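Chain residues, written in single-letter form:
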Amino acid sequence: MINVFRRLCPVLCLFAVASCTMPETRIYSLHVPAENYAVRSRKEVMVTLRVQSPRYLAQPYIAWRLSPYELEISGYAKWELSPVDMVKEIFRDALIAHFQQVRVSNAVPEGSVVLSVNLRRFEGVDDHFGELLLDAELSTAEGKEIYRMTTSKKVPLETTDSAGLAKALSSALHEAVLEVVATMESRV
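Along each chain, numbering runs from 1 in the same order as the chain's sequence is written. The predicted origin of the model limits local features to residues at a pLDDT of at least 70 and limits the giving and counting of side-chain atom pairs to 80 or more, whereas totals for whole chains, interfaces and linings rest on all residues. Values shown for side chains rest on all heavy atoms present in the structure; no hydrogens or waters enter the calculation.

### Focus on the packing of aromatic side chains
The condition is simple: Ring pairs shown here join Phe, Tyr and Trp side chains whose ring centres sit within 6.5 Å, with only the six-membered ring taken for Trp; geometry is labelled stacked below 30 degrees between planes, edge-to-face above 60, and tilted in between. For helices the rule is a DSSP run of H or I covering at least 4 residues; for strands it is a run of E covering at least 2, with both sets numbered from the N terminus onward. Accessibility here uses a 1.4 Å probe with only protein chains present; expressed as a share of the type maximum, an area under 20% marks a residue as buried, one over 50% as exposed, and anything in between as partly exposed.
Tallied over the full model, the rule gives one aromatic pair. Judged by centre distance (5.6 Å) and plane angle (65°), the rings of Trp-79 and Phe-122 are edge-to-face. Taken as a pair, Trp-79 in strand β4 (residues 70-79) and Phe-122 in strand β6 (residues 113-125) lie far apart in primary sequence, 43 residues in all. When sorted by exposure, Trp-79 lands in the same class as Phe-122, which is buried.

### Quick word on the pairing of strand β8 (residues 145-156)
Rules: Should DSSP find at least two bridges between two strands, the strands are taken to pair.
Relative to β8, strand β7 (residues 129-140) is paired through 11 bridges, and the arrangement is antiparallel. Bridge pairing in β8 links Glu-137 to Arg-148.

### Observations regarding empty space enclosed by the protein
Convention followed: Here a cavity means grid points, on a 1 Å grid over the protein atoms only, where a 1.4 Å probe fits yet cannot get out; a pocket means an open set of points with protein on both sides within 12 Å along at least five of seven lines; lining residues are those with an atom within 4 Å of a point. Grid points are joined across faces, edges and corners, and a volume is the space filled by probe spheres set on the points. Residues are grouped as follows: nonpolar covers Ala, Val, Leu, Ile, Met, Phe, Trp, Tyr, Cys and Pro; charged covers Asp, Glu, Lys and Arg; every other residue, Gly included, is treated as polar.
Within this structure, the stated rule accounts for one cavity of 30 Å³ or more. The calculated volume of the largest cavity comes to roughly 50 Å³. Leu-115, Ala-136, Glu-137, Leu-138, Tyr-147, Met-149, Val-180, Thr-183 and Met-184 are the residues that line the largest cavity. At the level of secondary structure, the elements contributing two or more residues to the lining of the largest cavity comprise β7, β8 and α3 (162-187). Along the lines of polarity and charge, the residues of the lining of the largest cavity split into seven nonpolar, one polar and one charged.

### Some thoughts on the pattern of salt bridges
What counts here: In what follows, salt bridge is the name for a side-chain nitrogen of Lys or Arg lying within 4 Å of a carboxyl oxygen of Asp or Glu.
The final tally for this structure, using the stated rule, is 12 salt bridges. A salt bridge links Lys-153 to Glu-175, with the shortest nitrogen-to-oxygen separation between them at 3.9 Å. Taken together, the residues Lys-153 in strand β8 and Glu-175 in helix α3 connect sequence positions 22 residues apart. With a relative accessible area of 13%, Lys-153 lands in the buried category. By relative accessible area, Glu-175 is classed as partly exposed at 37%. Between Glu-158 and Lys-167 there is a salt bridge; the shortest N-O distance is 3.0 Å. When salt bridges with common partners are traced through the structure, they connect Arg-65, Arg-121, Glu-123 and Glu-131 into a single cluster.

### Focus: the nonpolar core
What counts is decided by this rule: For this analysis, a nonpolar core means a set of buried residues of the types Ala, Val, Leu, Ile, Met, Phe, Trp, Tyr and Cys, connected via side-chain atoms within 4.5 Å. Two residues form a contact once any of their heavy atoms are found within 4.5 Å.
Within the largest apolar cluster, 44 residues are counted, with the highest numbers of intra-cluster contacts made by Trp-79, Phe-91, Leu-115, Phe-122 and Leu-134. Put simply, the parts of the chain that give this core at least two residues each are β2 (43-52), β3 (61-67), β4, α2 (83-96), β6, β7, β8 and α3. Ranked by the residues each element gives to this core, the list is headed by α3, at 11 residues. Residues contacting Phe-91, with those up to four places away along its chain left out, are Leu-49, Leu-115, Val-117, Leu-134, Val-177 and Val-180.

### Thoughts on the side chain of Ser-82
Looking at where Ser-82 falls in the secondary structure, it is placed in the loop between β4 and α2. By relative accessible area, Ser-82 is classed as buried at 4%. Apart from the residues within four sequence positions on either side, Ser-82 is in contact with Leu-57, Ala-58, Gln-59 and Pro-60.

### As for the environment of Ala-176
The topology assignment puts Ala-176 in helix α3. We classify Ala-176 as buried; its relative accessible area is 0%. With 24 residues separating them along the chain, Ala-176 and Ser-152 place their C-alpha atoms 7.7 Å apart. Dropping the residues within four chain positions of it, Ala-176 is found in contact with Leu-132, Leu-134, Thr-151 and Lys-153.

Everything listed here is a matter of coordinates, which is why it stays silent on function.
Dropping the structure here:
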């Protein structure tokens, strides 16, 4: 009996250790080309940027939509920042290329134009494409609406992994930011 236990003990320990190991955590980032700041003259307008999102987009975990009713949050594939923070940074950088002063704040100084972005979707869908959906509202410091738009982008995935999703969402976000900033520039 003791010999059987001595033989089984290392095998059981090996199974226990193998079952306790966790998969590797992978971190993904977006790549959105920066605009050339030296080429263009910037409008002398102060812009205050606000970005908000649902709670799951305020966390750095990558999300995959399995159906209109089900969303899977990856535990081991993460963004380098939360989607709402990445969108905030990319919008800020794009606005700096077009406008003299850009602030990211909830406090709005007098004379500022406010760009409020509501990030509604930033996820993979059925291993087929990346989906970005956001609302953008341009208003005065007093709250008077100047313009409102919704931008929806669905970009096919080259690969069905998180790296393919990062590439697709980088492209979708780049297009959406260009649309919003161009529309904003024509309205201000």
